[in-house]
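The residues making up each chain are set out below.
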Amino acid sequence: QVQLVESGGGLVQAGGSLRLSCAASGDVSSLNSMGWFRQPPGKQRDLVAVTTSGGRTNYLDSVKGRFTISRDNATNTVNLQMHSLKPEDTAVYYCNARYVSGGRWYGSWGQGTQVTVSS
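Since this is a predicted model, take the numbers as computed values, not measurements.

### A closer look at the sheet that holds strand β3 (residues 18-26)
Line of reasoning, step 1. Spatially, 4 strands are ordered β1-β3-β8-β7 in an open sheet, and the strand pairing comes out antiparallel. Both edges of this open sheet fall to β1 (2-8) and β7 (67-72), since each of them pairs with a single strand only. Strand-to-strand twist in this sheet, taken as the mean axis angle between neighbours without regard to direction, amounts to 15°.
Line of reasoning, step 2. With 6 bridges joining them, β3 and strand β8 (residues 77-82) adopt antiparallel strand pairing. Each residue of the ladder has a partner; that of R19, found in β8, is Q81.

What follows is the structure in structure tokens.
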């Protein structure tokens, strides 16, 4: 199994920046993709950014150019640097990791961290 612990988040004014971090532990040798999802109040959870073990990245269109995902395979961490934050970025942000164990794919979630952007 893979466990994820998130840090960062908080309250920021529009136009500000925040950095989220997520550290993986456990069966990290089988990690594949790592990424961030977010869930605004009353809405579904959506992918924000993801990075594969090979370094490929993908972003939600609305965050392209503002958010950057980075991964450190040596420490099994994934970070999300967020700039030019907007009120619509307000959500609970969840770290996610996909890994293989016993020939099967699994997904793990962090506990979530609140990001609030005030106008």
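Continuing now.
### Focus: the nonpolar core
Line of reasoning, step 1. Residues L4, W36, F67, L80, M82 and Y93 are the most contacted members of the largest nonpolar core, which totals 27 residues.
Line of reasoning, step 2. Among the elements that take part in this core, strand β9 (residues 91-101) stands out by supplying 5 residues, more than any other.
Line of reasoning, step 3. Setting aside residues no more than four positions away along its own chain, F67 makes contact with R38, V48, Y59, L80, Q81, M82, H83, L85, D89 and Y93.

### Some remarks on the side chain of N96
Line of reasoning, step 1. Position of N96 relative to the elements: it lies in strand β9.
Line of reasoning, step 2. At 3.3 Å, the side chain of N96 forms a polar contact with the backbone oxygen of S108.

### Thoughts on the packing of aromatic side chains
Line of reasoning, step 1. On inspection of all chains with the given rule, the structure shows 3 aromatic pairs.
Line of reasoning, step 2. A centroid spacing of 4.9 Å and a plane angle of 70° characterise the contact between F37 and W109, whose relative ring orientation is edge-to-face. Of this pair, F37 sits in strand β4 (residues 31-39) while W109 sits in strand β10 (residues 104-109), and the two are 72 residues apart along the sequence.
Line of reasoning, step 3. Note on W109: relative accessible area 40%, which makes it partly exposed.
Line of reasoning, step 4. On the numbers, 6.3 Å between centres and 90° between planes, the contact of Y94 with W109 is edge-to-face. Here Y94 is found in strand β9, whereas its partner W109 is found in strand β10, with 15 residues between them in sequence.
Line of reasoning, step 5. Among the aromatic side chains, those forming a connected cluster through ring pairs are F37, Y94 and W109.
Line of reasoning, step 6. A cation over a ring is seen here: R45 above Y94, with NZ or CZ 3.6 Å from the ring centre.
Line of reasoning, step 7. Here R45 stacks its cationic end above the ring of W109, 4.6 Å away from the centre of that ring.

### A closer look at the state of the cysteines
Line of reasoning, step 1. Throughout the structure, instances matching the rule amount to 1 disulfide.
Line of reasoning, step 2. Across the disulfide, C22 is cross-linked to C95 (sulfur-sulfur distance 2.1 Å). Taking the sign of the S-S torsion, -85° for the link of C22 and C95, the bridge is left-handed. Linking C22 in strand β3 with C95 in strand β9, this pair joins segments that are 73 residues apart in sequence.

Reading the values: rules and limits
- Residues numbered from 1 in each chain as written.
- Predicted model: local features only at pLDDT ≥ 70, side-chain atom pairs only at ≥ 80, totals over all residues.
- Heavy atoms only, no water.
- Pairing = 2+ DSSP bridges.
- Helix = DSSP H or I, 4+ residues; strand = E, 2+ residues; numbered from the N terminus.
- Axes fitted to C-alpha atoms, helices over the stretch in contact; angles between N-to-C directions.
- Core = buried A, V, L, I, M, F, W, Y, C linked by side-chain atoms within 4.5 Å.
- Buried < 20%, exposed > 50% of the residue type's maximum accessible area, 1.4 Å probe, protein only.
- Contact = heavy atoms within 4.5 Å.
- Polar contact = N/O pair within 3.5 Å; in protein donor to acceptor, adjacent residues only side chain to side chain.
- Phe/Tyr/Trp six-rings, centres within 6.5 Å; stacked < 30°, edge-to-face > 60°.
- Lys NZ or Arg CZ within 6 Å of the ring centre and 35° of its normal.
- Disulfide = S-S within 2.5 Å.

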